[in-house]
Amino acid sequence: MPTFRMRDGSGSIRLKHVIEDTDRHGNVRIYLRRPGHLKVRLRSQPGTEDFLAEYRAAMMGAAPRAPAGPLERRGSKGSFKWLCEQYYVSAEYQRLSGRTKYVRRGILDRICEKNGSKPYALMEPRHVRRMRDEMAARPEAANGFVKALRQVYAFAVEYELAQRNPARDVPYLKAKGDGFHSWTMEEVRQFEDHHPIGSKPRLALALMLYTGQRRSDIVRLGPQHIKEGWITLTQAKNRDRKPVTLSIPVLPELKAVLDATPTGNLAFLVTAFGKPFTSNGFGNWFRKHCDEAGLKHCSAHGLRKAGAALAAENGATERQLMAIFGWTTMKEASRYTRAARQKVLAASGMKLLSRDGGGPERGEVRGGEP
């Protein structure tokens, strides 16, 4: 049985019988498993005082927190729950990535908790709009809800289980602001000052900033992806339907950090147990290190945006951005090139507002007399 070590105020502590388990969705769970006892889930963050307290309570035989009860396993024919069950075994659903399946099923299961027994054929656009609007404070969640319903009813129409798709014409809500905060170069330097080269958080920052990849790709990236100074990987997003394979050079800044930092064998970034992070686990772990650096508003996703903005401001074209970040349309790339062009034009044009700039002398009018 492996032994896990962590530190408290008195030094290193050996925690026996702690194991790591990965479920079918790729989520890493931590358990206490003692011979002759039931396996107990440890839910706190490893290395924290809460984790240590939970471990000690479990060792003393304290009952674990009971999970929420499962939904009724089968829905009656014609109910929304029944329709979802047909969708889950469809070819369309099976082609989705494991992560997308997990997220979509979570959304649909939450709908089933309240409306699973209702006839799916009676769903109207007004019902979809009402449920969407109840989540207006969380537009991304609201849009995920609408998208999930669109896909379920698109399946139902294709297989002649329904006559129409009530969610098809219900528009998405416009997100407030511009999504995740995009890091500034000052914030990058602040993180680097707090986490020096050689530390795992600094390696994580370098991998994201100097490859431009999503966290779902960063957690899989390892030595096997690098050959002759180039990184080659197939992005996790849509890899089961429309895979995107990229080859990007290893920048000198990234190589310097990689050469100075201990890494895992198959993934550069690994957990305290020596295994690759899950995407969500990595996001939570990295956010904690952002907080330690005084950057509570920064996140892993915001680094990808910062890299795209930096490349655009340095003159990258839309095609170049697509090649770096794996976008398959110009829509996303054009957001950054438009912003970069606006900044460049503003820098050259602002002098025309200055009395001492390149504009006409005071009292003059171009093309005519004062």
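For clarity, every value in this text was computed on a predicted model and none was experimentally measured.

**So, the pattern of salt bridges**
Counting across every chain of the model gives 10 salt bridges. Note that Asp217 and Arg220 form a salt bridge whose closest N and O atoms lie 2.9 Å from each other. Between Lys255 and Asp259 there is a salt bridge, with its nearest N and O atoms 2.8 Å apart. Separated by four residues within a single helix, Lys255 and Asp259 lie in helix H10 (residues 252-259), roughly one turn from each other. For Asp259, a relative accessible area of 57% corresponds to the exposed category.

**Thoughts on the sheet that holds strand S6 (residues 226-227)**
Taken together, the three strands give an open sheet; going across it, the order is S6-S7-S8, and neighbouring strands pair in antiparallel fashion. Across the chains shown, the open sheet's two edge strands, defined by having one partner strand only, are S6 and strand S8 (245-249). Bridging between S6 and strand S7 (residues 230-234) involves two bridges; their strand directions are antiparallel. Looking at the pairing, Ile226 lines up with Ile231 of S7.

**Things to note about the pairing of S8**
With burial as the criterion, only one face of S8 is covered, namely that bearing Leu246 and Ile248; the residues Thr245, Ser247 and Pro249 on the opposite face remain uncovered. In terms of strand pairing, S7 meets S8 through five bridges, oriented antiparallel. Its bridge partner lying in S8, Thr234 is registered against Thr245.

**A few points about the confidence of the model for the protein chain**
Residues of the protein chain with pLDDT of at least 70 account for 85%, and the chain-wide mean is 83. Below pLDDT 50 for its whole length, residues 66-72 participates in six contacts with residues either more than four positions away or in separate chains. Confidence drops under pLDDT 50 across residues 361-370; counting only partners more than four residues distant or on other chains, this segment forms five contacts.

**What to know about the side chain of His289**
Following the sequence through the fold, His289 ends up in helix H11 (residues 279-292). Ignoring anything within four residues of it in the chain, the contact list for His289 reads Phe191, His195 and Pro201.

**Quick look at unusual backbone geometry**
In this model, Glu160 sits at a positive phi of 60 degrees, which is unusual for a non-glycine residue. By relative accessible area, Glu160 is classed as exposed at 70%. Located in the positive-phi region is Glu228, a residue other than glycine, with phi close to 55 degrees. For Glu228, the position within the fold is in the loop between S6 and S7.

About the thresholds
Residues numbered from 1 in each chain as written. Predicted model: local features only at pLDDT ≥ 70, side-chain atom pairs only at ≥ 80, totals over all residues. Heavy atoms only, no water. Salt bridge = Lys/Arg side-chain N within 4 Å of Asp/Glu carboxyl O. Helix = DSSP H or I, 4+ residues; strand = E, 2+ residues; numbered from the N terminus. Buried < 20%, exposed > 50% of the residue type's maximum accessible area, 1.4 Å probe, protein only. Pairing = 2+ DSSP bridges. pLDDT = per-residue confidence, 0-100. Contact = heavy atoms within 4.5 Å.

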